[in-house]
Structure formats: C-alpha cells, structure tokens
Amino acid sequence: MLVPHPDITEGTEPMEVAPTETAITAENQQTDEPSTYRFSWTVENFSRLGIRKHYSEVFIVGGYKWRILVFPKGNNVDNLSLYLDVADSALLPYGWSRYAQFSLSVINQINNKHTVRKEAQHLFNARESDWGFTSFMPLCELYNPNRGYLMNDTCIVEAEVAVRRIIDYTNYDSKKETGYVGLKNQGATCYMNSLLQTLYHIPYFRKAVYHMPTTENDMPSASIPLALQSLFYKLQYSESSVATKELTKSFGWDTYDSFMQHDVQELNRVLCEKLEDKMKGTVVEGTIQHLFEGHQISYIECLNVDFKSTRKESFYDLQLDVKGCRDIYASFDKYVEEEKLEGDNKYHAEQHGLQDAKKGVLFLDFPPVLQLQLKRFEYDFLRDMMVKINDRYEFPLQLDLDRDNGKYLSPEADRRVRNVYTLHSVLVHSGGVHGGHYYAFIRPTLSDQWFKFDDEHVTKESMKTALEEQYGGEEELSPNNPGFNNTPFKFTKYSNAYMLVYIRESDKEKIICNVDEKDIAEHILIRFKKEQEEKEQKKKRKLRHTSTPS
C-alpha cells in the first residue's frame, strides 16, 4: 500500500489500494519542473453544513482540474476527513492518470504555528480519483471554539499542489536511446531489479559469473549460476527488456509472497553467499570475497590496567546511520565513535575484575567495491512503529576514507593502500515505510554520464539528478498563482538514496574491465540463439494468424 506519510493516506472509499509499484512508478517517470499552486478555501457556516461531504470550487494546476473534498463530520470516523480530488474524473478518457505531491492544511486563525498540515504523493487515476486523510484531525479539536480552527463558524482549508508531467514510454526504446536494456518487473521485484543492474554493471563480477562452470544439461530455473549467466547475457546482447523469472525460480522464490518477505540487503547477501559457495573449487573461487569483503577490528581496551581484547570481523556491506548524520563522513565518524564502559556498565576483564574501559571499531581494510546500506528505515520506540527517515543526507562523488590521517583505520591497517573511492551506483527508494518503488542510478563506465535503470526503462540522467536529488530532505517550491501569498512551500522528498556502491580508484581499471563473447560458454550462446529463433518464429506465426482474412 502507498503510505508516504506516517498518517494513513487513502481515498474516500475503503478499498484495496492498487499495488504500490504501479502507484509510484509514475513519480519516477516525472520530468521537468512541477507546476505548483496554493489554493485557499474559506468555508462559512461550517458547523451548520447539512451535507455529508462538501467540495470546494475547482482550481487548475498543471493544466488539470482539482478541488478539495471535506467530510465536516468525518468519513465514518470521529475525525475531520480531507482529500484532494480530481474534479473532472468522470469526463476523462480511459486509462488517464496524473501524479501530484500535495499538502492539505486546516489553518489555525489564532496562531498560525498551530495550523495542522499533512502531505502526501499519489498517482491519481479512475480507480483512485481522490486521495488524502480520512483521519485528518479530531473533530473535538476542530469544533472546540477556544482552539482557533473554527472562528465565527468559518473554517479555512488550504491546499498546496505540485503536479509533474509524466513521460510517455509508449514508443520509447531504451536500447536505442541509451545502449542498455531494463529488467521486467514481476509484480514486486523492482528492489531486485535495481540490485541486479548494479551487479551486472560491475564488469569484473559479470566476467566471474560467466566463468562459473555450467553445462547444456543444466536448467536455469534450477541453477543460480546458469540463471544469472543467462540473465547477464541477455542484458548485454538483447534489444529489449529481460525477464527474471528463471533467476527467481532458481532461488526457490516462485510466489508473490516470496518477494515481499525479502529486502535488498538480504537479497544481496543470499545471492553472494550462494555464488560464493558455487564458485568453490572453480577458476573463479574467491571472487566475491575479493570484490566485496572488508575487515574491521572490534576492541575493548581498559583505561587503568594493561588489558585489551580485539576481534577481527569481515563484512560485505556496511550499515550507516542516516538519522542525526548530515553526510557519509558523519556516519563513519559515528561508526568508529568510542563508547565508554564505566559506572554500572564497567567491563569485566580477565584477571582484573570490573574495569573502566573504552569500546569501539576500526577498519583493518576496505574492499575494492564498497557497498553502503543507508539506514533509511528504523523502529520508532515512542510511536511503536517502523518509520522511514527522509532526512537530507549527502554523499560525495569521491569518497576519501583516509581522511584526517586515517582516523577510520586501525593501527594494523596497511597505510600503503589508498582508500579513495568513486561513486558507481545510487539505489533509490521512493515512497513510505509500508510500500514503495526501487530504481537505480548507475554510471557503468564511471564516466560523467549517469543512467537511470527503472525496471523496463533506461534513461540518460544528469549527475545532479543522480546525486543531489537523491539526498532526501525537503523540496522548496514556489507557487505560481499571481497576486497570492507566494511564499515557497515545502514538500518532503520521499525519493532518496538507501544504498550506495563505490569503487576504489586504484582498482577501477581492473574492475571496469572488458567483457565480451569470449568470456561466455558456448552452450549459453547456443541456448540464447535458439531462444531467439523460437521467439522470431512465434512472432511470425502470430503475424500470419492476425493477417489471415476471415
């Protein structure tokens, strides 16, 4: 379900909401600057309105007609219900849709600081032509004369709306426009698609997958190596988007529920562990560790006696805090921050009893390909629920982990290795804690040209779009209604980076290597060519059938 705000956003009718991926995909196809508008609606004789629901006059944003819908006594709840509605939905052609970010406010006429404002984003369509908040604010609060929301029986409701144009992909050819093809979405697999595109575009990894021993007797749906080889080959040589069903079947995931039970980090680990295991005893043994494995030293050191305990641990990715950190460097500072063990929390040291101590983590070495998971989702103990952290969080194109005299490194680290990284991929989550859409920005050759891989579609994008626009935080938009209060209004950016992949500068020539048909087993080439021939024949048969006169 699309829930981009902690408060439930929904239509007026209780219904099963369309799958989130459909709902948010449009947001990911948006282009150009949005059309924006601020609309104010003064509702007089509010408490005496004798109707269940009440519409505002129509206003136009982005060439579309909108209006506010209010249920003065609540939509079957003890709360004011407030929605944004497509005013002419009954007259629009079949298949229409429009995407909007919006906020709805009930103005406090005594103190503007107490104005109630809630925001959302939605793809409006024939099935969901209104969207908003069934429980906007308690009726007892609204109707309390001392609160300031209803003065002289007048209520002021405000809407701030930003409408973005949606790209029409009907005749779009990703291969022709970009040289790359996308992956088909099976219904809940966009998180997998973004990860697979990222791994595919690490050529050293792709080459190692091609070199895993498989035979013509293997079935892709029962063999992860062969399924991945087949998928990568099609991504490299197909003219159109590629299906992932064989690969997901090889994982043993063959139902919608299977996909819903996993996330990107878990999928990444499962895939790498399985490949690592299958690579044992082959020419590519150790590839996963070589590319992705780093090591850290956890230590506890007593302050008043000579005792230190250390433990070496390996990692394939690092989880970095977003909350309370303005950028990656602040997260790394927090990661290696020392904790004091004192008072009731003293450390029990062998032969020394309870001691004051310091505890921390330092890095022994970083891997050539550094995968950083940003903790955008966390449990809020006060609200007893999972929340998404949409705070602004910056990440650089060049990442220097040797900064400040190597403060992240342990004394045992090899200082001859330069830990300077360049950004390769930005994986993005768009939406709320209960649902959303995933896509990736990748620069396959580490050139200045970025590409957006959004399921079936691949588009060229600017560096600003791939980096700055994925920091999260708030977007400030100026309303373009003349002669009105034109102070900018802010919307939370629900699309933001949640995983980053960096490649070490000193290793990039080796990792961004050439991969061609010489790296691919003969039986894969034969199998693929046979599939292509069968597809062509099927197409011809279909054409003959449709062109046969009745």
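It should be noted that the structure appears before, not after, this text.
As the structure is a computational prediction, the values presented were derived from the model and not from experiment.

K.L.:
It is not clear to me how the overall build of the protein should be interpreted in this structure. Could you clarify?
P.N.:
Helix and strand content of the protein: 15 helices and 27 strands. Referenced to the eigenvectors of the C-alpha coordinate spread, the extents of the protein come out at roughly 90 × 80 × 40 Å. By residue count, 53% of the 550 residues in the protein fall in the buried class. Summarising the internal contacts of the protein: among those between residues at least 6 apart in sequence, 68% fall at separations of at least 24. Carbon and sulfur atoms make up 47% of the accessible area of the protein, which amounts to about 26,600 Å² in all. Looking at charge distribution, the protein has the averaged site of its 67 positive side-chain charges lying 4 Å from that of its 82 negative ones.

K.L.:
Looking at this structure, how should I read the packing of aromatic side chains?
P.N.:
Note on aromatic pairs: each is described by the distance of the centres and the angle between the planes. Per the stated rule, a full pass over the model turns up 27 aromatic pairs. Geometrically, the ring pair formed by F102 and F124 is tilted, given 6.1 Å between the ring centres and 50° between the ring planes. One end of the pair, F102, is in strand 6 (residues 97-106); the other, F124, is in strand 7 (residues 116-125), and 22 residues separate them in sequence. Each member of the pair, F102 as well as F124, carries the same accessibility label: buried. Centroid distance F332 to Y408: 5.4 Å. Interplanar angle 40°. Geometry classified as tilted. Taken together, the positions of F332 in helix 11 (residues 328-335) and Y408 in the loop between helix 12 (403-406) and strand 21 (420-432) put the pair 76 residues apart, joining distant regions of the chain.

Criteria and cut-off values
Residues numbered from 1 in each chain as written. Predicted model: local features only at pLDDT ≥ 70, side-chain atom pairs only at ≥ 80, totals over all residues. Heavy atoms only, no water. Helix = DSSP H or I, 4+ residues; strand = E, 2+ residues; numbered from the N terminus. Buried < 20%, exposed > 50% of the residue type's maximum accessible area, 1.4 Å probe, protein only. Contact = heavy atoms within 4.5 Å. Areas by Shrake-Rupley, 256 points an atom, 1.4 Å probe, with all protein chains shown as cover. Lys, Arg positive; Asp, Glu negative; His and termini not counted. Charge placed at Lys NZ, Arg CZ, Asp CG, Glu CD. Phe/Tyr/Trp six-rings, centres within 6.5 Å; stacked < 30°, edge-to-face > 60°.

Nothing here speaks to function; it is geometry throughout.
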